[in-house]
Amino acid sequence: MSSIPLRYWVLLIFIASALYAHFRGKVRFGLARALTDFTVLISPINALMYLFSRAPATPYLDTREFKELELLQRNWEVIREEALKLNEEGQIKAAATYNDIGFNSFFRTGWKRFYLKWYGQDLASAQALCPKTVELLRQIPSVKAAMFASLPPGSRLQRHRDPYAGSLRYHLGLTTPNSPGCFIEVDGQRYHWKDGEAVMFDETYIHYAENSTDQQRVILFCDVERPVFFAPVRWLNRLFGRVVMTAAATQNVEGEPVGGLNKFFFYAYKVRLWGKALKAKSRPTYYIGKWAIILGLLYWIFA
């Protein structure tokens, strides 16, 4: 065993972690997609979050286990008032350019957002336009990110899983159709939003959302720090948030700072657009090129 080079142990850890995440849920992507998705790059960190998680390994979680979040539900009408005003003014909107890497694909189907908090980054626009909601969020340290999120009539978010397991997702219904026609499905289990009601789920399970009604849905959307048993894992989670998630910060209005990851994404997406054009022209050429790049990178790293 000692003669096996370290790089092969590293490769084994990455593959095992990716497979662990892949087989967690009942709903799965194809194995090829699961092992070539960029989330494989952080799969060992995610595996630690899963292994030491105090939250059960279930798609949905009991909100009553997160007592600190009761403050939001008790004040849901105060939060809704600020959200509705923002919505009427057109402030809940898509990114103006390619500078929101985490949610870029959602904008194509009409999804919109207004950031309230992002991993330690304060947004001047949020403090100015919805001070009551910002102050409520400030009282809950476990909420690492928050936004108002809109799903317009006729919208559908495709199946996806969020890349990082260091958080859990909290939704608080503010103004919704209150109808089964406006729902989220997590690992095959469906929930429809209701005004004043909260739901908590693990966003690293495959999920999608749809609004087939004629009424807009607006919710308070929060990333809540995943509770873990082992202090070093908690420190790692917070360090990752400060370094990586902070780099994914973006803006509500022009002039607010944009994180380094989103600055890079602005240029990287131009390459992505070129790839999409190639795929539309010749799918075999696109996939041959994609796999050649992946295998080339693996050879360069581990050979």
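Fair warning: this is a prediction, and the values are worked out from it, not measured in the lab.

Caption draft 1: Geometry of the pattern of salt bridges. Taken as a whole and assessed by the stated rule, the structure comprises 15 salt bridges. Between Asp-162 and Arg-169 there is a salt bridge, with the nearest N and O atoms lying 2.8 Å from each other. Of the two residues, Asp-162 and Arg-169, neither departs from the other in class, the shared state being buried. A salt bridge links Glu-225 to Arg-238, with the shortest nitrogen-to-oxygen separation between them at 3.0 Å. Of this pair, Glu-225 sits in strand 10 (residues 217–225) while Arg-238 sits in helix 8 (residues 231–245), and the two are 13 residues apart along the sequence.

Caption draft 2: Structural context of the sheet that holds strand 4 (residues 156–160). The strand order 4-9-6-7 describes an open sheet built from four strands, whose pairing is antiparallel. With one partner strand each, in any of the chains shown, strand 4 and strand 7 (189–192) form the two edges of the open sheet. Mean inter-strand twist for the sheet, computed between neighbouring axes without regard to direction, equals 15°.

Caption draft 3: Fine view of unusual backbone geometry. Here Tyr-119, not a glycine, exhibits a phi torsion of approximately 40°, which is positive. Within the secondary structure, Tyr-119 sits in the loop between strand 2 (112–118) and helix 6 (124–129). At Asp-187, a position not held by glycine, the phi torsion is positive, near 50°. Judged by its relative accessible area of 7%, Asp-187 is buried.

Caption draft 4: Here's a closer look at the sheet that holds strand 1 (residues 60–61). If you walk across this open sheet you meet the six strands as 1-8-5-10-3-2, and the pairing is antiparallel. Among the strands making up the open sheet, the edge pair consists of strand 1 and strand 2. As paired strands, strand 2 and strand 3 (residues 143–151) are joined by six bridges and run antiparallel to one another. Each residue of the ladder has a partner; that of Phe-114, found in strand 3, is Phe-148. Those strands touched by helix 5 (residues 76–88) are strand 2, strand 3, strand 5 (167–175) and strand 10, and its axis lies near 75° from that of strand 5.

Rules behind the numbers
- Residues numbered from 1 in each chain as written.
- Predicted model: local features only at pLDDT ≥ 70, side-chain atom pairs only at ≥ 80, totals over all residues.
- Heavy atoms only, no water.
- Salt bridge = Lys/Arg side-chain N within 4 Å of Asp/Glu carboxyl O.
- Buried < 20%, exposed > 50% of the residue type's maximum accessible area, 1.4 Å probe, protein only.
- Helix = DSSP H or I, 4+ residues; strand = E, 2+ residues; numbered from the N terminus.
- Pairing = 2+ DSSP bridges.
- Axes fitted to C-alpha atoms, helices over the stretch in contact; angles between N-to-C directions.
- Contact = heavy atoms within 4.5 Å.

So far we have only geometry, and geometry alone does not tell us how the molecule works.
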